[in-house]
Structure formats: C-alpha cells, structure tokens
Amino acid sequence: MVALSRRVGRPAVTALLLAAVVFLVGPIVLTVVASFARSWTGVLPSGFVTLQNWREVLGLAETFGAQRSMGWDPLVTLPVAGGTTLMVPSELAFSVGLALGGVLINLVVGVPIAYAVSRYDFRGKEWVNALSILPLVPGVILGVAFLRAYPELSGTSVGLIVGYSLLKAPFMVMAVQSEFESMPLRRLEESARSLGASWPRTFLTVIVPNASSGIISGAIICWALAAAEFNFSYIVWAKGTQPLAVFLQRHISNSSFTKAAAAVSMFFCIIAVVTLLLQQLGRRGFDTRGH
Amino acid sequence: MARVTLDSVRKTYGDTTAMDGVSFTVGDGEVLGVLGPSGCGKTTTLRSIAGFETPTSGTIRFDDDEVTHVPPENRNVGLVFQEYALFDNMTVAENVAFGPKMRGVDKTARRERATDLLELLGIGGFEDRDPTTLSGGQQQRVGLARALAIEPSILLLDEPMTGLDAKLKTRLQREVGDLLAELDVTGLYVTHDQEEAMVMCDRVAVVNDGRVEQIGTPREIYEDPANDFVAEFVSLDPPALPFVEW
C-alpha cells in the first residue's frame with residue numbers, strides 16, 4: 001500500500017497541483033505577454049515586441065490627447081540633467097495612496113478593536129465583534145448609503161478613503177484578532193507590566209510588535225482589496241484623479257485588448273510592489289532588536 | 001527581596017467568591033507553595049499580589065508598605081508563567097533586559113546583567129537568539145531570568161513546570177529549587193501538583209474554595225493534615241480526587 005501510494009499518489013497530487021497552477025497562472029502570463037504585443041485578435045497575441053501599450057498606460061506616450069482619452073491627466077514633469085524630462089505618474093501614486101489611506105485608518109481603528117475584543121470581556125462585546133464584521137456588505141450598497149448619509153463627501157478623496165476603510169475594516173480586524181488570539185495576550189501584557197512598563201508602553205512595544213505578522217497581512221489584504229474595489233469607487237467617485245479600479249475598468253472597456261492587457265499588467269505590478277513594500281516596512285517598523 | 005503579607009483578602013466577582021479571607025505571610029527569602037485544585041482561587045491570589053486584581057477587602061503589604069492599590073508596574077514583582085510569554089519581537093537578551101530598561105538602567109549595564117543571569121540559569125550563549133527557536137525548558141529559563149532581572153520583591157511562579165515533560169520537569173524542579181534558595185528569593189509558587197509543591201517549597205498553603213485550609217511545611221501537611229480535604233489532596237497514592245466519595 002505504501003509503495004502504491006508513493007508510486008501513484010504523489011505524482012497524481014503533483015500533477016493536479018501543477019495543472020491547477022498552470023490553469024490559474026496561464027491567463028496572467030498571457031496578459032503580461034500580450035501587453036507587449038501590437039494586436040491580439042486570435043487566441044494568441046501577435047506583433048512583438050512593442051512598448052507602446054505600456055507607454056500609453058503609464059502616460060509616457062507623446063500624444064497627450066490619447067492619454068486624456070484614457071483618463072490620464074497631464075503628469076508632473078521633473079527636469080533632469082541633459083534636458084530630458086522625467087515623467088512621474090503622480091496620478092498613479094495618488095490612486096495607490098487612496099487605498100493606502102483606507103489602510104491607515106484601519107490600522108488606527110482596527111488594531112485597538114481587535115485587541116479589545118480578544119483581550120477583554122465587556123458588555124456588548126458580541127455586538128462590537130458583529131459590528132466590525134458587518135461592513136462585509138457589497139460596495140454598491142455601502143456606496144449608495146454613504147452618499148445618502150454624507151452627501152458632502154460625494155466624489156471627494158476623503159469620501160473614497162473613509163469608504164475603503166469602512167468596507168475593508170473587517171479584514172483587518174479579523175486578521176489581527178486571530179493573531180492576538182493565537183498568542184498568550186494577557187500573559188504577555190502582564191509580564192511587561194510587572195517588569196515596569198506602563199500600559200501604553202506595553203501596548204506599543206510588546207503587544208503590537210508581537211502581533212506584527214497579523215497586522216502586516218491585514219494591511220496587505222486591506223490594501224489589495226481597497227485598490228481593487230470597483231463598485232464603491234464607481235458610485236462615489238465623480239471627478240479628478242481616478243481610483244485604481246475605475247482606471248482599470250476604463251482601460252478594459254475603452255481600449256484595445258493589448259492596451260487593456262498593459263493596464264491589467266500594471267495593476268499586477270502595483271499590487272506586487274505595494275505588497276512587498278508593506279511587508280518590508282512592517283518588518284523594519286516592528287523590528288525592535290536594537291543594534 | 002521582601003516579606004509579603006496578605007491580611008484577610010477577599011475578592012468577589014458578582015456572586016462568586018474567588019478569595020474568602022486569605023491571610024498568610026511569605027517570609028523574606030522563603031518560597032511558599034500555593035497548592036489547590038483548579039478554580040480554588042490560587043491564581044486570583046497570585047494576581048492580587050502582582051496587582052492585576054484589586055481585593056474587594058483586605059490588605060497586601062510588602063515588608064511594611066501597603067501595596068493594595070499600587071499599580072503592577074510600580075510593585076516590583078517578578079512573574080513566571082506556564083506559557084512563558086516571552087516577547088517574540090526581541091532577542092533572548094533583550095527579553096531579560098526589558099525590566100532593567102524600563103527602570104532606566106543603561107544599555108551596557110543591563111546587557112551585562114542579562115548575560116550574567118542567562119549564564120546562571122545554564123543558558124549562556126543564547127543572548128542573540130530568537131526566543132521562538134528555543135526549547136520549552138530553555139524558554140522557561142529565559143522567563144525566569146527575565147523576572148529575576150528586576151531583583152523583584154517577590155517572584156510569582158504560576159504553574160511554571162506544567163507544560164514540560166516529566167524528565168525535564170524533575171531536573172528543572174531541582175535546579176530551580178536550588179537556585180531560588182541560593183539567591184534567597186522570596187517566592188510564591190502556585191501549582192496543582194502536590195509533589196512539585198513538596199519538592200520546591202519551604203512551606204505550603206493548601207487552598208480550597210477561596211480559603212486557606214492549612215499552611216505549614218511539606219512534612220507537617222503530609223504527616224498531620226488539618227482536615228479531610230487536605231489529607232485527600234496531598235495523599236500521593238492514590239492520586240487526589242477530591243470529588244470522589246471513598
């Protein structure tokens with residue numbers, strides 16, 4: 001039996017895993033490849049290699065009119081030695097920042113909520129817990145309700161940021177809460193207190209750093225979901241710099257496949273870069289090993 | 001180190017009474033075992049001495065100073081838990097140096113103290129390790145070193161050996177017992193394991209239902225139990241089963 005499972009079972013599981021990975025990764029690879037193609041009419045893209053799609057998506061193409069039609073406003077230009085101008089996609093940075101703003105609010109609000117719920121028994125604990133998970137409603141519904149409740153926030157960046165934080169708060173709370181619950185939270189706190197640390201100092205130098213992996217993963221999940229949140233962005237956003245999800249949708253619905261492919265690939269890149277940055281930042285920030 | 005006195009300490013939560021007039025004195029340099037079944041109030045006793053619970057009535061004194069309402073960070077109490085509760089975001093040495101750091105001891109001095117203590121506890125050379133890479137016994141030694149680093153008035157040990165395997169437990173009991181005696185530590189050793197209490201402690205308080213049933217040397221308690229509960233709980237053979245009618 002052992003021999004049989006080793007001879008057949010393991011290769012079968014490996015093959016299944018490989019097939020699943022290929023099936024899932026295939027479209028992504030094809031998209032990235034297509035973003036460097038001139039056209040994509042059949043199954044496979046053709047006309048390699050061009051950077052035109054990427055230049056237009058990144059707003060580096062010469063024709064500003066084309067960029068505008070894609071929803072890109074003129075970029076900030078920085079004078080660099082030799083007369084060349086470096087184009088900085090400030091709008092892109094702003095869009096990334098919208099989602100990061102939501103994450104920031106969630107860090108400030110979500111971590112204490114998760115702490116309170118996992119550490120203390122208090123009246124209404126179940127309610128707080130339920131309430132922090134409740135915003136798992138579709139973005140459309142929250143978007144409409146949001147506009148009704150705070151019409152003055154409609155179309156503003158603040159509105160988007162607050163909305164993202166509301167929509168994605170449950171993921172932060174859940175990630176951090178499960179981290180808190182997996183460690184001897186009360187014992188850690190009592191150890192630090194008995195060693196002479198005040199409560200705020202205990203929270204900041206012991207509790208939060210010990211929960212760092214949960215906080216980092218919560219932040220990454222929050223950011224990625226906020227950046228990809230289309231429904232809420234579409235309803236609340238009115239003018240000015242576009243949220244990433246709206247930018248993506250416009251590219252997909254208004255342009256050629258290859259250009260859409262470049263936009264999607266860029267989105268993948270941004271997700272990857274921000275995830276790595278958050279991870280690095282988290283590790284640095286929480287590493288209190290003094291040297 | 002100090003003498004610690006509890007005087008008729010009561011602690012109630014709503015209708016439940018966790019401590020029902022507990023009085024005892026832990027002499028300077030003495031290790032008092034607090035022995036009892038789970039839910040008997042021994043952990044509440046420990047937490048009251050540490051300052052995490054405020055007694056409903058009664059007083060707690062360290063030497064002649066009343067500390068009943070002093071917050072935990074100002075009590076100078078060392079804590080060792082069953083769960084170790086090491087700070088995983090710090091190295092072993094930083095864990096041990098945390099208390100001195102909070103007390104404003106400068107960097108070289110506290111590093112030196114940490115190195116000495118780790119050496120004393122038989123885990124010298126582990127200073128820069130991540131505590132999560134250590135074995136259970138090693139982690140518990142780090143926990144002990146961390147608590148001792150503040151030169152506490154009293155060292156409170158809450159079932160510190162419970163998670164360890166039998167062989168290691170026996171060795172650690174002997175080592176830690178010797179160490180506490182050598183350092184002249186005033187200690188409160190909370191456990192449900194009568195054998196451990198007998199080995200580790202100078203005197204033992206048998207606690208049941210929030211009350212101290214008997215207090216005395218292990219020999220006194222074993223040879224002359226004050227009542228049926230004590231007799232049954234400390235009898236080593238058969239194992240204590242307080243809820244069974246014989």
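Model, not experiment: these values are computed from the prediction. (Residues numbered from 1 in each chain as written. Chains lettered and ligands numbered in written order. Predicted model: local features only at pLDDT ≥ 70, side-chain atom pairs only at ≥ 80, totals over all residues. Heavy atoms only, no water.)

Another point: the packing of helix 6 (residues 139–149) of chain A against helix 7 (residues 157–181) of chain A. Pairs of packed helices are described in terms of their axes, by the angle between the two and the distance that separates them. All names here are of chain A. Contact pair helix 6 / helix 7: the axes reach a minimum separation of 11 Å and the direction vectors enclose 135°. Comparing the axis directions of helix 6 and helix 7 gives the class oblique. Read as a crossing pair, helix 6 and helix 7 show a hand that is right-handed. On the side of helix 6, the interface is formed by Gly139, Leu142 and Phe146, while helix 7 contributes Gly159, Val162, Gly163, Leu166 and Leu167. (Axes fitted to C-alpha atoms, helices over the stretch in contact; angles between N-to-C directions. Helix = DSSP H or I, 4+ residues; strand = E, 2+ residues; numbered from the N terminus. Parallel < 35°, antiparallel > 145°, perpendicular 65-115°, else oblique. Left-handed = near helix turned anticlockwise from the far one by under 90°. Contact = heavy atoms within 4.5 Å.)

Right, let's get into the UniProt feature "transmembrane region" (unreviewed entry) in chain A. Mapped onto the present numbering, the UniProt feature "transmembrane region" (unreviewed entry) falls on residues 12–37, 92–115, 127–150, 203–226 and 260–278 of chain A. A helix fraction of 100% and a strand fraction of 0% characterise residues 260–278 of chain A, whose end C-alpha atoms lie 27 Å from each other. (UniProt positions renumbered as here; feature names shortened; annotations may be inferred.)

Moving on to the packing of aromatic side chains. Following the criterion strictly, the structure yields 11 aromatic pairs over all chains and no others. Considering the side-chain rings of A:Phe146 and A:Phe232, the 5.6 Å spacing of their centres and the 70° angle between planes classify their relative orientation as edge-to-face. Here A:Phe232 lies in helix 11 (residues 230–236) and A:Phe146 lies in helix 6, a separation of 86 residues in the sequence. Judged on exposure class, the residue A:Phe146 and its partner A:Phe232 are both buried. These aromatic residues form a ring-pair network of at least three members: A:Tyr115, A:Tyr120, A:Phe180, A:Trp199 and A:Phe203. For B:Arg146, the ring lying beneath its charged end belongs to B:Phe87, and the centroid distance is 4.4 Å. (Phe/Tyr/Trp six-rings, centres within 6.5 Å; stacked < 30°, edge-to-face > 60°. Buried < 20%, exposed > 50% of the residue type's maximum accessible area, 1.4 Å probe, protein only. Lys NZ or Arg CZ within 6 Å of the ring centre and 35° of its normal.)

Our next topic: the nonpolar core. A:Phe180, A:Trp223, A:Leu244, B:Leu6, B:Phe98, B:Leu156 and B:Leu188 are the most contacted members of the largest nonpolar core, which totals 87 residues. In terms of residues, this core owes the most to one element, helix 10 (residues 212–227) of chain A, which gives 9 residues. Two domains each put at least three residues into this core: domain 1 (1–76 + 154–246) and domain 2 (88–151) of chain B. Residue contacts for A:Leu244: discarding those within four places in its chain leaves A:Leu92, A:Ser95, A:Val96, A:Trp223, A:Ala227, A:Phe267 and A:Ile270. Within the second largest apolar cluster, 41 residues are counted, among which are B:Ala114, B:Leu164, B:Leu179 and B:Ile221. (Core = buried A, V, L, I, M, F, W, Y, C linked by side-chain atoms within 4.5 Å. Domains from an automatic or database assignment.)

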